[in-house]
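In case you want the letters, here they are:
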Amino acid sequence: MAIELFRIDDRLIHGQVVVGWGQPLDLTFIVLVDDEVASSEWEQELYRMGVPPEMDVHFDTVEDAAQKLAVYQRDARRGALLTGDIDTMARLIDLTGAISRVNLGGIHHRAGRTQRLRYVFLAPEEEKALRALASRGVDVSAQDVPAARPLALNEVLSGEGNR
Amino acid sequence: MSEADVAVRALVAGHGDFAVGIVSAVAQITGRGDAFVTLSNRDMSAADVERAMRNEVDARAIEVIFTDLPAGSCTMAARRLQRERPGVVLVTGTNLATLLDFVFHTDVPASEAAQHAAEKGRAALVVAGGAPSGH
């Protein structure tokens, strides 16, 4: 059981996560890793409002999530861990060395980013960070919803995923 | 129909073609689809959705936002907008019955019409048939 999905998505908790992945994976808890959200009661209330009452949401800083990851992984239920950007996920991987697979679920347009997929736009330093994760053995792939084919990092960066 | 009857009174926002689709249904049934402006969150970041929503709300002095899903990024954006504009009303879980009721209540403030419409939408959900055989 434990955490079934480690996802980078700048929308954090939203429909694709709660319903699109939540239903087929039978997710019953979400770990939202974001230093800003972890320090804001208002932000936490906002995200909590978006999930059904039977789903637990844990709000952690990167450091807290790193300390608690082993506990989350021993949870008998299924969960998802979300970060809003690549840097946060990379920091968590650095601190734990215990994440073997990362899902790119939504990294949208921003100045300096180049479109790689319909839902993945990357700046050069972000591409470098993803390549660094892959070189360390982390399986990085893009997949917005479970019904879509997962695209390996090489397909994403080469633009093959758009064909 | 007076000018007030056809003015945009609310924003409908959601996933994919939800907003355009449900407003087209309102137009087909009532001819009053122009009471709404629509927004899709397709391929947009949370910040983009919030920006687009803020632009529509400010440009048209919109007081009511209808969204499709409580967990959706449109709902999140509307909640963020409400922090700056507490007078804005959000209705999430919108269905066709909700919007049909809303367009016919032009004699009350939009916020009041939204409350009434939400009740109608909730009451419109009906399950018929399907009893297991032998019961």
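Everything in this summary refers to the structure shown in the same document.

Conventions adopted
Residues numbered from 1 in each chain as written. Chains lettered and ligands numbered in written order. Predicted model: local features only at pLDDT ≥ 70, side-chain atom pairs only at ≥ 80, totals over all residues. Heavy atoms only, no water. Helix = DSSP H or I, 4+ residues; strand = E, 2+ residues; numbered from the N terminus. Rg over C-alpha atoms; globule rule 2.2 N^0.38 Å. Buried < 20%, exposed > 50% of the residue type's maximum accessible area, 1.4 Å probe, protein only. Contact = heavy atoms within 4.5 Å. 1 Å grid on protein atoms, 1.4 Å probe; cavity = no way out; pocket = protein on both sides within 12 Å on 5 of 7 lines; lining within 4 Å. Points joined across faces, edges and corners; volume = space filled by probe spheres on them. Nonpolar A, V, L, I, M, F, W, Y, C, P; charged D, E, K, R; others polar. Polar contact = N/O pair within 3.5 Å; in protein donor to acceptor, adjacent residues only side chain to side chain. Arc of directions from axis to C-beta. Core = buried A, V, L, I, M, F, W, Y, C linked by side-chain atoms within 4.5 Å. Buried area = accessible area lost by both parts, 1.4 Å probe. Salt bridge = Lys/Arg side-chain N within 4 Å of Asp/Glu carboxyl O.

### Brief notes about the overall build of chain B
Next up, step 1: Secondary structure summary: chain B contains 6 helices and 4 strands in total.
Next up, step 2: Reading chain B from its N end, one meets helices and strands in the order α-β-α-β-α-β-α-β-α-α.
Next up, step 3: Computed over the C-alpha atoms, the radius of gyration of chain B is 16 Å, within 12% of the 14 Å expected from 2.2 N^0.38 for a compact globule of 135 residues.
Next up, step 4: Projecting the C-alpha coordinates of chain B onto the three principal axes gives extents of approximately 60 × 40 × 25 Å.
Next up, step 5: Looking at the 135 residues of chain B, the share that counts as buried comes to 46%.
Next up, step 6: Sequence separation of at least 24 residues holds for 70% of the intrachain contacts in chain B that already meet a minimum separation of 6.

### Some thoughts on empty space enclosed by the protein
Next up, step 1: This model, assessed by the stated rule, comprises 2 cavities of 30 Å³ or more.
Next up, step 2: The calculated volume of the largest cavity comes to roughly 60 Å³.
Next up, step 3: Lining the largest cavity are A:Arg11, A:Ile13, A:His14, A:Tyr47, B:Ala46, B:Glu50, B:Ser73, B:Met76, B:Ala77 and B:Arg80.
Next up, step 4: Where the lining of the largest cavity is concerned, the elements lending two or more residues are helix H3 (46-60) and helix H4 (73-84) of chain B.
Next up, step 5: For the lining of the largest cavity, the per-class residue count stands at 5 nonpolar, 2 polar and 3 charged.

### Observations regarding the side chain of A:Gln16
All names here are of chain A.
Next up, step 1: Here Gln16 shows up in helix H1 (residues 15-25).
Next up, step 2: A distance of 3.3 Å separates polar atoms of two side chains, one belonging to Gln16 and the other to Arg11.
Next up, step 3: For Gln16, the residues in contact, after removing those within four places along its chain, are Arg7, Arg11, Trp21, Gly105, Asp144 and Val145.

### A look at helix H3 (residues 41-49) of chain A
Next up, step 1: By the burial criterion, the buried members of H3(A) are A:Glu43, A:Gln44, A:Leu46 and A:Tyr47. One side of H3(A) holds all its buried residues, which, seen down the axis, span an arc of 160°.
Next up, step 2: Buried residues belonging to H3(A) abut strand E2 (27-33), helix H2 (35-38) and strand E3 (56-60) of chain A together with H4 of chain B.

### Quick notes on the side chain of B:Thr75
Next up, step 1: Mapped onto the fold, B:Thr75 is located in helix H4.
Next up, step 2: When its relative accessible area of 0% is taken as the criterion, B:Thr75 is described as buried.
Next up, step 3: In this structure, B:Thr75 is in contact with A:Met49, B:Thr67, B:Leu69, B:Pro70, B:Leu90 and B:Thr92, ignoring residues within four places of it in sequence.

### Points about the nonpolar core
Next up, step 1: Counting 34 residues, the largest nonpolar core has A:Leu81 and A:Leu104 as the members making the most contacts within it.
Next up, step 2: Every residue in contact with A:Leu104, bar those within four places of it in the chain, is listed here: A:Ile8, A:Tyr119, A:Val120, A:Leu130, A:Val140, A:Ser141, A:Ala142 and A:Gln143.
Next up, step 3: By size, the runner-up hydrophobic cluster in this structure holds 21 residues, among which are B:Leu99, B:Leu100, B:Ala110 and B:Ala113.

### Remarks on the interface of chain A and chain B
Next up, step 1: Listed per partner, the contact involves 17 residues of chain A and 16 residues of chain B.
Next up, step 2: Across the chain A to chain B interface the summed buried area is about 1,400 Å²; carbon plus sulfur atoms make up 60%.
Next up, step 3: A per-residue breakdown of the area chain A buries against chain B is headed by A:Trp42, A:Leu46 and A:Met49, which together make up 36% of the total.
Next up, step 4: Applying the counting rule to chain A against chain B returns 4 salt bridges.
Next up, step 5: With a shortest N-O distance of 2.6 Å, A:Glu43 and B:Arg80 are connected by a salt bridge.
Next up, step 6: Here chain A and chain B share 4 residue pairs in polar contact (both at pLDDT 80 or more) between them.
Next up, step 7: For the side of chain A that touches chain B, the secondary-structure elements that each account for two or more residues are H1 and H3 of chain A.
Next up, step 8: It is H3(A) that provides the largest number of residues to the side of chain A that touches chain B, a total of 6 residues.
Next up, step 9: Class assignment of the residues belonging to the side of chain A that touches chain B gives a composition of 7 nonpolar, 5 polar and 5 charged.

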